[in-house]
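So you can see what is in the structure, the chains are spelled out below.
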Amino acid sequence: MVFVGLTPTKRNYMADLFAKCALLTKPRQAEAMGCYPFFVPLESEAGPEVIIQGRKMVMLGSNNYLGLTQDPRVKEAAKKAIERYGSGCTGSRLMNGTLDLHRELEARLARFVRKQDALVFTTGFQTNLGVISALVGRHDTIVLDRSVHASIVDGCRLSYGEVLKFKHNDMEDLERVLQTIDPKRGILIIVDGVYSMEGDVANVPELVRLKKKYGARLMIDEAHSVGVFGEGGRGVAEQFGLLDDVDIYTATFSKSFASIGGFVAGDADIIYFIRHMARALLFSAALPPASTAAARAALDIIEQEPERRARLWENTRFLQNGLKELHFVTGKSESPIIPLIVGDEMRLAAFWRGLFDGGVFTNAAVSPAVDPDRALIRTSLMATHTSAQLTRALEVMGETGRRQGLLGA
Ligand SMILES: Cc1ncc(COP(=O)(O)O)c(C=O)c1O
């Protein structure tokens, strides 16, 4: 606040829009202490090892689950698309931005996730914004797991519907909330398939049972599970054998698909409606040709090379077991995302820096990405990590954790 004169009366008092900017002190403190974990520039591809500040490091902080950003077939597809279609679409899908490539990819994705139709957006974030705000109106209620991704929370904010939350992955609490809703309202339950910070998995069988019991619809964001879970890599709904019971399937290309972009899949009527009503699609330029072609090439590989998924799970078990032997607190992870829960943010910053100095790059997750008392190091695996790289990472994590008093009994 800036006060003009001495007494803040209505006439001489002026709020400064920018005052809050100088009050953002925590990141500055972390920078001053040399423990600032964000916006660190990579000087190489985001593979299992990366170059940062001229140093080779083990990368345990990427969503490149299948290692496909480095696959020559994916790169080649992107190059060829640039040659044929140029570098960008210069307009929205609605107007001039739709390519035959988009339509082909949509048809392939719909078949892949066994839905009638699919629609590609420019990011996964926009997918969730566009889908939720298009579908949920004044007479509808969204019931949300309280740990869903920020893009879902923001999609709910943009919708005109009522938004209710249930405790994370707590199906009794979900039922309690569902019981309070007027059955005349449309109800959409929304969850993540795999939760992006702690790596735990949605209870799809219970979600399906409850959605049927209360006449609701179910939307699952399979961002971290597509390519990773299920026999065919279709995500956690496939893993539970319940893909048909998911009404709205969303996912991103920014993880296993080694590109950028996102998609929604569902019944043809629903996708048709979203295609004409989703503002995040209609008023934003289309996914560029290179990204579209890269996603399509990645889809081929996801379908044809299940051994990559098997390798990712071997790596996941290896790291999970190693961390358990070291007595780290790893929460309820059941996926290639494994958290090391530290709690306090300043201790977390020091731990992150210790790992960094030891040559291991991880992600530091603090509020609002996690609860304020649950700051954590997020690690995530790739199919292409070698056991030598993971062994080295475990040694560094063990030494640093021991030195900093972070290992449990
Ligand atoms: C669960 C979930 N949904 C959506 C997104 C957004 O995807 P994108 O990176 O494609 O915008 C993310 C990205 O981190 C995510 O974790």
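What comes next concerns the included structure. These figures come from a predicted structure and were not determined experimentally.

### Remarks on the pattern of salt bridges
Alright, step 1. Enumeration over the complete set of coordinates arrives at 30 salt bridges.
Alright, step 2. One salt bridge in this structure joins Asp 100 and Arg 84, with 3.8 Å as the shortest N-O distance. Placement of the pair is Asp 100 in helix α5 (residues 100–112) and Arg 84 in helix α3 (residues 72–85), with a sequence separation of 16 residues.
Alright, step 3. One network of salt bridges, in which partners are shared, links Asp 71, Arg 73, Glu 305 and Arg 308.

### Let's talk about the site of the ligand
Alright, step 1. In the region of the ligand, 15 residues are neighbours, and Gly 124, Phe 125, Asp 221, His 224 and Thr 252 sit closest.
Alright, step 2. At 2.9 Å from an oxygen atom of the ligand is found a main-chain nitrogen or oxygen belonging to Phe 125.
Alright, step 3. Residue Ser 254 places a side-chain N or O atom 3.0 Å away from an oxygen atom belonging to the ligand.
Alright, step 4. Protein contacts shield 84% of the accessible area of the ligand, which totals 390 Å² for the unbound molecule.
Alright, step 5. It is helix α6 (residues 124–135) that provides the largest number of residues to the shell around the ligand, a total of three residues.
Alright, step 6. Per-class residue counts for the shell around the ligand are two nonpolar, 10 polar and three charged.

### Notes on the sheet that holds strand β3 (residues 49–52)
Alright, step 1. An order of β3-β4-β13 is seen for the three strands of this open sheet, with the pairing classed as mixed. Across the chains shown, the open sheet's two edge strands, defined by having one partner strand only, are β3 and β13 (360–361).
Alright, step 2. Examined bridge by bridge, strand β4 (residues 55–59) and β13 share two bridges and lie parallel to one another. Bridging from a neighbouring strand, Val 58 pairs with Val 360 of β13.
Alright, step 3. Its contacts with the sheet put helix α16 (residues 387–403) on β3, β4 and β13, and the angle it makes with β4 is roughly 95°.

Criteria and thresholds
- Residues numbered from 1 in each chain as written.
- Predicted model: local features only at pLDDT ≥ 70, side-chain atom pairs only at ≥ 80, totals over all residues.
- Heavy atoms only, no water.
- Salt bridge = Lys/Arg side-chain N within 4 Å of Asp/Glu carboxyl O.
- Helix = DSSP H or I, 4+ residues; strand = E, 2+ residues; numbered from the N terminus.
- Near = heavy atom within 4 Å.
- Polar contact = N/O pair within 3.5 Å; in protein donor to acceptor, adjacent residues only side chain to side chain.
- Areas by Shrake-Rupley, 256 points an atom, 1.4 Å probe, with all protein chains shown as cover.
- Nonpolar A, V, L, I, M, F, W, Y, C, P; charged D, E, K, R; others polar.
- Pairing = 2+ DSSP bridges.
- Contact = heavy atoms within 4.5 Å.
- Axes fitted to C-alpha atoms, helices over the stretch in contact; angles between N-to-C directions.

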